[in-house]
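The residues making up each chain are set out below.
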Amino acid sequence: FHRHSVAAGGCGLYVFRYNTVLNNIAASGGHAIDTHEARKKGGGNTYGTRAVEVYNNKLINTMYTYGALIKKGQRVGMASLETAGIAIRAGEAVVYNNEVKGYRYAVRLSNWYLGGTPQPYPVLYGPGYLSGKAFGPDHKGTQSSMGDGDVFIWNNKVSPFLEDEWNSFPSFDNEEPDWWKEGRDYHFVPKPGYKAYPYPYPIHKKYIE
């Protein structure tokens, strides 16, 4: 019953993995995992979140946003589900192998501060900003280092209703398609050269002697 279980701004970086998160419905926009966008007004969100790794998590809502239990076939349906388990609103990210139930989407790209207003490319500190600034609007982010700063999303599962197995509902939503393009700013493939840190964390020899 949090709004977010983890969020960041101010050039924050975090890794969120192997967690189970339940009922992030404390307030509207309660994505379980969140990155704050740049807001140009001082404070911790001036630059937004810098980078995140989000993988091997289970994000489960058993309730609609107004508190009733989620049941397939109810008239309230999709409109009363929280939007997305994972919201990327700034920075670069790898998001993969997450299981999301009781949300409309597994992953969503959005920007609440600038949303719906025209923006020059690349959107300041947003997904794809570093690659867009370095290589321009016609680059392909999966080519070597051209993906630095992009969002890579793969193998996430979503089901709006708890009774369903994983189904054909889309796992991804791009709230600003004029800003972010597939194959340039975000990609549905693993990030080239990316390797996750071992899990569980290896214990350094000096701590076990």
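Cut-off values and rules
Residues numbered from 1 in each chain as written. Predicted model: local features only at pLDDT ≥ 70, side-chain atom pairs only at ≥ 80, totals over all residues. Heavy atoms only, no water. Phe/Tyr/Trp six-rings, centres within 6.5 Å; stacked < 30°, edge-to-face > 60°. Helix = DSSP H or I, 4+ residues; strand = E, 2+ residues; numbered from the N terminus. Buried < 20%, exposed > 50% of the residue type's maximum accessible area, 1.4 Å probe, protein only. Contact = heavy atoms within 4.5 Å. Pairing = 2+ DSSP bridges. pLDDT = per-residue confidence, 0-100. Salt bridge = Lys/Arg side-chain N within 4 Å of Asp/Glu carboxyl O.

**Regarding the packing of aromatic side chains**
Consideration 1: With the rule as written, the count across this model stands at 13 aromatic pairs.
Consideration 2: Geometrically, the ring pair formed by Y18 and Y55 is edge-to-face, given 6.2 Å between the ring centres and 80° between the ring planes. Of this pair, Y18 sits in the loop between β1 (13-17) and β2 (20-22) while Y55 sits in strand β4 (residues 51-55), placing them 37 residues apart in sequence.
Consideration 3: For Y18, a relative accessible area of 37% translates into the label partly exposed.
Consideration 4: Consider the rings of W154 and Y194, whose centres lie 6.3 Å apart with planes at 75°: the pair is edge-to-face. You can see W154 sitting in strand β10 (residues 151-154) and its partner Y194 sitting in the segment after β13 (186-187), a full 40 residues away along the chain.
Consideration 5: The class of W154 is buried, set by a relative accessible area of 15%.
Consideration 6: Aromatic rings pair up to connect Y18, Y55, Y96, W154, Y194 and Y199 into one cluster.

**A few points about the environment of V189**
Consideration 1: Here V189 lies in the segment after β13.
Consideration 2: Separated by 156 residues in the primary sequence, V189 and I33 place their C-alpha atoms 20 Å from one another.
Consideration 3: Apart from the residues lying within four places of it in its own chain, the contact partners of V189 are T142, F152, I153 and W154.

**A few points about the pairing of strand β9 (residues 103-109)**
The side chains of a regular strand alternate, first on one face of the sheet and then on the other.
Consideration 1: β9 sits mainly inside the fold: 6 of its 7 residues count as buried.
Consideration 2: As paired elements, strand β6 (residues 82-88) and β9 share 5 bridges and run parallel to each other. When the bridges of β9 are listed, I86 appears paired with V107.
Consideration 3: Alignment of β9 against strand β12 (residues 172-174), held across 3 bridges, turns out to be parallel. Bridge pairing links V107 to F172 in β12.

**With respect to the environment of F188**
Consideration 1: Examined against the element boundaries, F188 turns out to sit in the segment after β13.
Consideration 2: What makes F188 partly exposed here is its relative accessible area of 37%.
Consideration 3: Distance from F188 to V95, taken between C-alpha atoms, is 9.6 Å for residues 93 residues apart in sequence.
Consideration 4: Contacts of F188, omitting those with residues within four sequence positions, involve I153, W154, F172 and E182.

**Things to note about the side chain of N23**
Consideration 1: The residue N23 is located in the loop between β2 and β3 (33-34) in this model.
Consideration 2: By relative accessible area, N23 is classed as buried at 8%.
Consideration 3: Filtering out sequence-adjacent residues up to four positions away, N23 remains in contact with F1, H2, I60, N61, T62 and M63.

**Structural notes on the confidence of the model for the protein chain**
Consideration 1: Summary statistics for the protein chain give a mean pLDDT of 87 and a share of 90% for residues scoring 70 or more.
Consideration 2: Taken element by element, the predicted model of the protein chain shows its lowest mean pLDDT in strand β11 (residues 157-159) (89) and its highest in β4 (98).

**With respect to the sheet that holds β6**
Consideration 1: Taken together, 4 strands build an open sheet; the order of strands is β3-β6-β9-β12 and the sheet is parallel. With one partner strand each, in any of the chains shown, β3 and β12 form the two edges of the open sheet.

**Remarks on the pattern of salt bridges**
Consideration 1: One pass over the structure, following the stated rule, counts 8 salt bridges.
Consideration 2: For R89, the salt bridge goes to D34, with nearest N and O atoms at 2.5 Å. Residue R89 is located in the loop between β6 and β7 (92-96), and its partner D34 is located in strand β3; the two are separated by 55 residues in the primary sequence.
Consideration 3: Note on D34: relative accessible area 0%, which makes it buried.
Consideration 4: Through salt bridges with shared partners, a single network forms among D34, E37, R39 and R89.

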